[in-house]
Amino acid sequence: MKRLLAIELQKIWMNRASRVLTLTYFIVLSLIALIASIEFDFGPFHFDASQQGIFNFPYIWHLNSFIGALPKIFLALVIVSMMANEYSYGTLKQNLIDGMSKQEFVLSKFLTVLVFALVSTVFIFMISLILGLLYSTYDEAGIIFSQMDYLLALFVKLVGFFSFCLFLGVLIKRSAFAVGFLFVWYLIEKIGYGISGKFIFNDFEGTYNYFFKYLPLESMSNLIIEPFTRLDLIQSIGNQVGVIEPKIYSVDYSMVFTVLCWSALFVWGSYAIIRKRDL
């Protein structure tokens, strides 16, 4: 497996566009640290991001896991272009001629997906730990290392999303069209939910809970609930104006299982397409 992974990472690093996208992704993740420097005055109100509790343990695991998943489109572009290049440059056929099986080929791509997701998660862990140790008002080990399942949710979310991108890259062969279809699928999920909830079932909550929350992109989104309304400042403002609705912010392990199932299905689908396709 090390050989397969080394081949894939070398292909990515030797491709200038993929190299730039990968570096850009990790640079964007690094900018999370700059949030600590946000400070401004609004009339008599002084805002200092580092003093608002956003870097307190264990909240920081939630916040940074949510933010860390936002720029994943950069690596998604790397993954779909990785597959597109295999077809465009004929390296897929050449790899098979050189003795690599179709199963090994798909495994090499999935190993790349796992490495991207794991390195991203570890990167977020390091940034969060450093910022938390610098700015958190809590330093007890029990608090620092609590609620770290948000990092697990981040890892699963990235694996699911990248596996979906891999499947689209295998299916469509062209990176631009694959990314376009990803956006179209997002619209299908959202518009389908709106139409069915309004005109078919006449029940948005029931329709969502029994069907739509299990769709690929929606289930990935449900892994990490937005953390901003969890802040004490936002909670107090919301309670005063009556706009805060109660939420469950913990990781939903039924969604973890759902995304893992989708990931397995996407990888299997990629292999099934390559196995049957005339290359």
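In this report, the structure presented in the accompanying data block is examined. (Residues numbered from 1 in each chain as written. Predicted model: local features only at pLDDT ≥ 70, side-chain atom pairs only at ≥ 80, totals over all residues. Heavy atoms only, no water.)

### Focus: a nonpolar patch on the surface
(1) Moving on: Judged by side-chain polarity, Leu118, Val122, Met126, Ile130, Leu134 and Tyr135 come together as a nonpolar surface patch covering roughly 560 Å² of accessible area.
(2) Moving on: Locating leucine 118 in the fold gives a position in helix α6 (residues 102-135). (Patch = residues over 30% accessible without salt bridge, like charges linked within 9 Å, V, L, I, M, F, W, Y side chains within 5 Å. Areas by Shrake-Rupley, 256 points an atom, 1.4 Å probe, with all protein chains shown as cover. Salt bridge = Lys/Arg side-chain N within 4 Å of Asp/Glu carboxyl O. Helix = DSSP H or I, 4+ residues; strand = E, 2+ residues; numbered from the N terminus.)

### Things to note about the packing of helix α8 (residues 149-172) against helix α13 (residues 253-276)
(1) Moving on: Here α8 crosses α13 at 25°, and the two axes come no closer than 9 Å. Considered as vectors, α8 and α13 are oriented roughly parallel to each other. Classified by chirality, the crossing of α13 by α8 is left-handed. Each of Asp149, Leu152, Val156, Val159, Gly160, Ser163, Phe164, Leu166, Phe167, Val170 and Leu171 in α8 lies in contact with α13, whose residues at this interface are Tyr253, Val256, Val259, Leu260, Ser263, Phe266, Val267, Gly269, Ser270, Ile273 and Ile274.
(2) Moving on: For the contact of α8 with α13, the per-class residue count stands at 16 nonpolar, five polar and one charged. (Axes fitted to C-alpha atoms, helices over the stretch in contact; angles between N-to-C directions. Parallel < 35°, antiparallel > 145°, perpendicular 65-115°, else oblique. Left-handed = near helix turned anticlockwise from the far one by under 90°. Contact = heavy atoms within 4.5 Å. Nonpolar A, V, L, I, M, F, W, Y, C, P; charged D, E, K, R; others polar.)

### Some details on the packing of aromatic side chains
(1) Moving on: Tallying each qualifying case throughout the model produces twelve aromatic pairs.
(2) Moving on: Between the aromatic rings of phenylalanine 26 and phenylalanine 123, the centroid separation amounts to 5.4 Å while the plane-to-plane angle is 75°, which identifies the pairing as edge-to-face. Remark: phenylalanine 123 occurs in helix α6 and phenylalanine 26 occurs in helix α2 (residues 16-30); sequence separation between them is 97 residues.
(3) Moving on: Classification of phenylalanine 26 by relative accessible area gives buried; the value is 17%.
(4) Moving on: The exposure class assigned to phenylalanine 123 is partly exposed, which follows from its relative accessible area of 26%.
(5) Moving on: Here the aromatic residues Phe164, Phe167, Trp262 and Phe266 are joined through ring pairs into a cluster of three or more.
(6) Moving on: One residue, lysine 72, lies across the ring of phenylalanine 161, its end atom 4.9 Å from the ring centre. (Phe/Tyr/Trp six-rings, centres within 6.5 Å; stacked < 30°, edge-to-face > 60°. Buried < 20%, exposed > 50% of the residue type's maximum accessible area, 1.4 Å probe, protein only. Lys NZ or Arg CZ within 6 Å of the ring centre and 35° of its normal.)

From the geometry alone we can't say anything about function, so treat these as descriptive.
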